[in-house]
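# Architecture at a glance
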Amino acid sequence: MRERESPGATKQMPTRIAEYYNELQRREGLEPVELVAEWQQRDIDSISAAFRTAVGVSRMTELDIPIRGGSTNQSIGNQVADFFVPTINQHLQQYRIDACPGGGYPDKILVEIASHRTFPFELKATSTWDAADSNRRVLTSSSRKLRQRFPGAVNHVLATILYATGGGISRVRSLRLDFIEPSTPVNIRLEASVSHRLLAQATHRSTTIP
């Protein structure tokens with residue numbers, strides 16, 4: 001949905017997404033398996049053509065998307081994405097976008113209707129696109145859902161809707177499709193978390209008041 005951004009990010013050395021998934025699985029206590037496959041040009045061409053035709057036939061960039069009053073930027077992005085999917089599905093040929101239930105990546109599945117092949121399809125929406133912008137766009141932090149939904153290495157699509165909003169109405173300006181490869185660079189931010197259970201089991205000292 002609307003991309004989550006983190007301003008002021010420190011400079012990082014990008015990592016190949018295939019290497020990231022291998023390290024992530026090891027940290028999850030799993031035997032790493034390949035989760036990202038290389039794209040065939042014919043599949044890129046087919047998907048690109050299908051979406052280009054559907055955007056044109058649906059006149060997507062001319063449609064008004066009503067936005068609820070008082071909506072935050074994140075909510076606007078979600079409303080744009082919620083409008084986009086059923087509208088584009090009415091006009092997509094050979095493919096359709098399905099929901100991928102459950103939390104985490106991906107939020108959608110692209111289905112090739114004839115072959116029943118499926119592709120992780122992550123949908124983002126943003127009001128700005130700047131090729132020099134280095135703000136973070138969170139993609140994934142767990143391999144669980146991906147491993148459950150897709151058998152082995154698979155082709156991934158990252159879709160970005162660029163929209164404009166004014167007077168309570170949004171309009172789609174363009175759609176960008178990124179065909180993720182094993183070599184696609186990603187930034188990794190290592191995070192630590194605690195739970196009540198971990199804190200209760202920990203050997204460090206604590207004080208409870210009163």
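This text gives an overview of the structure that appears in the document. Because the structure is a prediction, the values reported are computed rather than measured. (Residues numbered from 1 in each chain as written. Predicted model: local features only at pLDDT ≥ 70, side-chain atom pairs only at ≥ 80, totals over all residues. Heavy atoms only, no water.)

## Digging into the overall build of the protein chain
Put simply, the test is: Where helices and strands are cited, they refer to DSSP runs of H or I of at least four residues and of E of at least two residues respectively, numbered from the N terminus. Three exposure classes are used, based on accessible area relative to the maximum for each residue type with a 1.4 Å probe and protein chains only: buried under 20%, partly exposed in between, and exposed over 50%. In this description, contact between two residues means that some pair of their heavy atoms is separated by no more than 4.5 Å. In these tables, accessible area is a Shrake-Rupley quantity obtained with a 1.4 Å probe, and a residue counts as shielded only by the protein chains included in the view. His is not counted, nor are the chain ends; Lys and Arg add positive charge and Asp and Glu add negative charge. In this description, the location of a charge corresponds to atom NZ of lysine, CZ of arginine, CG of aspartate or CD of glutamate.
If you tally the helices and strands in the protein chain, you get five helices and eight strands. For the C-alpha atoms alone, the extent of the protein chain along its principal axes is close to 65 × 45 × 30 Å. Of all 210 residues assigned to the protein chain, the portion counted as buried reaches 37%. Put simply, 67% of the contacts in the protein chain that link residues at least 6 apart link residues at least 24 apart. Accessible area for the protein chain stands at about 12,800 Å²; split by element, carbon and sulfur atoms hold 50% of it. A distance of 5 Å separates the average location of the 26 positive side-chain charges in the protein chain from that of its 22 negative side-chain charges.

## Topic: the packing of aromatic side chains
As a reminder of what qualifies: Classification of ring pairs rests on two measures: the distance between centres of Phe, Tyr or Trp rings, Trp counted by its six-membered ring, which must be within 6.5 Å, and the angle between planes, read as stacked under 30 degrees, edge-to-face over 60 and tilted in between.
Scanning the entire structure with this criterion turns up four aromatic pairs. Look at Tyr20 and Tyr21: their rings are 5.3 Å apart centre to centre, the planes differ by 55°, and that puts the pair in the tilted class. Overall, Tyr20 belongs to the buried group, its relative accessible area being 11%. The exposure class assigned to Tyr21 is buried, which follows from its relative accessible area of 1%. Ring centres of Trp39 and Phe119 lie 5.5 Å apart, and the angle between their planes is 10°; on these two criteria the pair is classed as stacked. Pair noted here: Trp39 is in the loop between helix H1 (17-27) and helix H2 (41-58) and Phe119 is in strand S5 (residues 117-126), with a separation of 80 residues, a long-range link. When sorted by exposure, Trp39 lands in the same class as Phe119, which is buried. Through a chain of ring-to-ring contacts, three or more aromatic side chains come together here, namely Trp39, Phe119 and Phe179.

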